Amino acid sequence: MVEKVKIYIDDREIETEKGKTVLQVALENGIDIPYFCYHPKLPIAGACRMCVVYWEDINRLVISCNLPVQDGMRIRTHRTSEQVREQQKYLLQALMTRHPLDCPICDKAGECDLQNLGAIYGPQKQIVPISALEKERHEEDWESDFLEYYSNRCVVCYRCTRACDEIVGAHALYVEDRGFHSNIVPAVRPMDTSTCEMCGICVHVCPVGAIISKPFKYWTRSWLLQKERTACNLCPVGCEIQIEYGVGDWRSKRKVYRTKPTDELNICAKAFFGYDAINHNRLLKTDVHGREETQGNTVNLLTTILKEHGNRTGIILSAYLPKEIIDEVVRIAKSAGAYVTAPQTEDFFRFANEIGEFKISSVEEFKDADFFVLVGDDLTSIATVLSYYIKKPVYKFGKTVRDGKFEPKELSSLEEIKNLEGKGYLLVTPHYYENPKEIALELRKVTEGKDIEVVPVPKDANTFYLYKVLKDSYSDLKAVMDLALNGDIDNLIVFGEDVLEFYAEGVFKELSEKLEHLIVVSPFADGLSEYAHIRVPMSLMGEHEGTYLTFFGEVKVRKFLPWAFDDVGFWKYLGENFTDEGELQVIRSYEPLKRRFMPHLYKNNWITARSANLSKLYEKNKDIEVYYEKAV
């Protein structure tokens, strides 16, 4: 049972849990205490001293972020203590004396803690006689195309270094020198090719404009943007993120300007810098043979194709679709008697079928682990935020590039897993293996009788749900593609571009000439869409309501971007024409396809491949990581 204590803040009685700090309790109860260095997800630093309060019981000023509550203690904040107000005013004066006060050109303006606290608590004028030239502090060039550091703006709160060390584990930043001369410095330069994972968390937690995102620099002001929350659907973790966008009025162009994490700090490079993919050459209306067509006429045409030739139709689903579209399309396909497959049948499905029942472990369950075993590809590249929650000893069998941050003990064979004691989680990436069935069989043997949870980690967003729906009635991708290439089916409906990880674009140029109808459902007007007879838009983050099954459980995505095509509504509209029950046709191929594409931290899928930001990072890092892997 949790022990409770009573404390008094500004004469207000508050009952709270023992073990919390005064600052936490104050904030939870709507009592405002200013701070810079505190963050709910970071370890306490006590660096800024801004959260000072007066503790009546000992008659002195103390910092509230590092003060555990005690039964009966009496605290006064700036609201009721002149001494506290004067101390906070002095601290702000000290910071602003050396701060450049360049708010008109600083990207943080409008959301800067120093700017806001200065307006609320003062001072409003410079008291210490120091000129602008004397404010200069040694500048540090991070040698990055994506992150920029302004040393003069830095308030040395250590949020960035703590986030990099304690949340991400990349250890890409450290503090150089002491006192006023302190600077935040990259462990390795150039920054873009270091252990930095470009998650952008350092930009987000910085309370001032000391660390900024170069792709966002000077584009717009924060107060001119619309801000909404949704879940990221670029990998299977399911992080909640914030998207900031313009609506096309006088304030900002109609596009996404940036993405940010919430205070949970769950974000990686794919979302933080990959947002520009949402702005890339979008397909936003249905068309037939290159001419824009109404949704009603497109639905009628698809209805005719599926009702009259459903048994000669193949459907390739994408793991980037929400549950609602997957369910509706599978129901339509059953009514029409079509074949349904997905690229994930070539690796994840084969592994999952052999491993048997498995649990989708949540990140919260990882806290109970005694150790982790990472098998296959770099977990840090595939499901990056999952790596933030691995805090126990790590063993590795497979590729170790970015996973080197765990300092794992390398296993020479899977047999060594038998020697591990305690509760463990074995995280395996099936796409890494040419024959996922073999590795699944071996893992079953070495974990038999052990307290080890085998957790397959797909590389694609909604693979868990796709498998749940299709595991008893899917066709293999190769088998369906062979039917199309051999002329044994007349129509092919392709969702997304997951399929390009196994087949080159040229294959679809050939299919465009062979098939009666090649229907492509895509967010983009380029790529596979260029070969389609019929094109239907597909939504990205912030563009549809739906559900994804992830490592954060069942997460809901939200629709708010004003240009969005209602793809969920479109497929439900089509589904109204299919009320008869039926069964999918099933065809299998026991020869797995060879993967053409191996994912990378900065190019994980066909959506992130559209990001100019991530493509630039990929080009800078691809050879370095190959070299690193060979060296290991």
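For the structure itself, consult the block above.
So, how was this worked out
- Residues numbered from 1 in each chain as written.
- Predicted model: local features only at pLDDT ≥ 70, side-chain atom pairs only at ≥ 80, totals over all residues.
- Heavy atoms only, no water.
- Helix = DSSP H or I, 4+ residues; strand = E, 2+ residues; numbered from the N terminus.
- Rg over C-alpha atoms; globule rule 2.2 N^0.38 Å.
- Buried < 20%, exposed > 50% of the residue type's maximum accessible area, 1.4 Å probe, protein only.
- Contact = heavy atoms within 4.5 Å.
- Areas by Shrake-Rupley, 256 points an atom, 1.4 Å probe, with all protein chains shown as cover.
- Lys, Arg positive; Asp, Glu negative; His and termini not counted.
- Charge placed at Lys NZ, Arg CZ, Asp CG, Glu CD.
- Polar contact = N/O pair within 3.5 Å; in protein donor to acceptor, adjacent residues only side chain to side chain.
- Pairing = 2+ DSSP bridges.
- Right-handed = clockwise from strand over helix to strand, strands pointing away.
- Axes fitted to C-alpha atoms, helices over the stretch in contact; angles between N-to-C directions.
- Core = buried A, V, L, I, M, F, W, Y, C linked by side-chain atoms within 4.5 Å.
- Salt bridge = Lys/Arg side-chain N within 4 Å of Asp/Glu carboxyl O.

Caption draft 1: Geometry of the overall build of the protein. Scanning the protein from terminus to terminus reveals 16 helices and 26 strands. Whereas a compact globule of 632 residues would reach a radius of gyration of roughly 26 Å, the protein reaches 27 Å, a difference of no more than 12%. Each principal axis of the C-alpha distribution contributes one length, and for the protein these read about 85 × 65 × 50 Å. Here the protein holds 632 residues, and the buried ones make up 61% of them. Considering only residue pairs separated by 6 or more positions, the protein has 70% of its internal contacts joining residues 24 or more positions apart. Of the roughly 26000 Å² of accessible surface on the protein, a fraction of 47% belongs to carbon and sulfur atoms. Here the protein contributes 80 positive and 96 negative side-chain charges, whose respective centroids are spaced 4 Å apart.

Caption draft 2: Inspection of the side chain of Asp 102 at higher detail. For Asp 102, the location among the structural elements is in the loop between helix H2 (82-98) and helix H3 (113-121). At 2.9 Å, the side chain of Asp 102 forms a polar contact with the side chain of Arg 153.

Caption draft 3: A look at the pairing of strand E21 (residues 452-456). Where burial is concerned, most of E21 is hidden: 4 out of the 5 residues are buried. Of the strand pairs in this sheet, strand E20 (residues 424-428) and E21 are connected by 5 bridges, and their pairing is parallel. Across the sheet, residue Val 428 finds its bridge partner in E21, namely Pro 456. Read as a crossover between parallel neighbours, the route from E20 over helix H11 (residues 436-447) to E21 is right-handed.

Caption draft 4: View of the sheet that holds strand E22 (residues 491-495). If you trace the 7 strands from one edge of the open sheet to the other, you get E14-E13-E24-E23-E22-E15-E16, paired in mixed fashion. Each of the sheet's edge strands pairs with one partner strand only, and the pair in question is strand E14 (291-292) and strand E16 (339-341). Examined bridge by bridge, strand E23 (residues 517-522) and strand E24 (residues 534-537) share 4 bridges and lie parallel to one another. Each residue of the ladder has a partner; that of Val 521, found in E24, is Val 536. With respect to the sheet, helix H7 (residues 295-309) is in contact with strand E13 (287-288), strand E15 (313-316), E22, E23 and E24, its orientation differing from that of E24 by roughly 120°.

Caption draft 5: Inspection of the side chain of Thr 259 at higher detail. Structurally, Thr 259 can be placed in strand E12 (residues 256-261). Apart from residues no more than four positions distant in its own chain, Thr 259 is found in contact with Ile 241, Gln 242, Ile 243, Ile 267, Ala 271, Phe 272 and Tyr 275.

Caption draft 6: How the structure looks around the nonpolar core. Core analysis: the largest hydrophobic core is formed by 161 residues, its most contacted members being Leu 317 and Leu 443. When residues of this core are assigned to their parent elements, the largest contribution, 7 residues, is made by helix H8 (residues 323-336). What Leu 317 contacts, discounting residues up to four positions off in sequence, is Ile 326, Val 329, Val 330, Val 340, Thr 341, Ala 342, Pro 343, Leu 466, Leu 470 and Phe 495. Among the nonpolar cores identified, the runner-up in size contains 25 residues, and Leu 477, Leu 485, Phe 502 and Ala 532 belong to it.

Caption draft 7: Inspection of the pattern of salt bridges at higher detail. Scanning all chains against the criterion turns up 47 salt bridges. Here Asp 102 and Arg 153 are joined by a salt bridge, their closest N and O atoms 2.9 Å apart. Of this pair, Asp 102 sits in the loop between H2 and H3 while Arg 153 sits in the loop between strand E6 (147-149) and helix H4 (159-168), and the two are 51 residues apart along the sequence. We note that Asp 102, like Arg 153, is buried.

Caption draft 8: Structural view of the sheet that holds strand E5 (residues 74-76). With respect to topology, 5 strands assemble into an open sheet ordered E2-E1-E5-E3-E4, the strand pairing being mixed. At either margin of the open sheet sits one strand with a lone partner, and together these are strand E2 (12-17) and strand E4 (60-63). Averaged over all neighbouring strand pairs, the angle between strand axes comes to 40°, with direction disregarded. In this sheet, E4 lies alongside strand E3 (residues 52-55) in antiparallel orientation, the contact comprising 4 bridges. Counted as the bridge partner of Tyr 54 is Leu 61 from E4. Lying over the sheet, H2 contacts E3, E4 and E5, oriented at roughly 155° with respect to E3.

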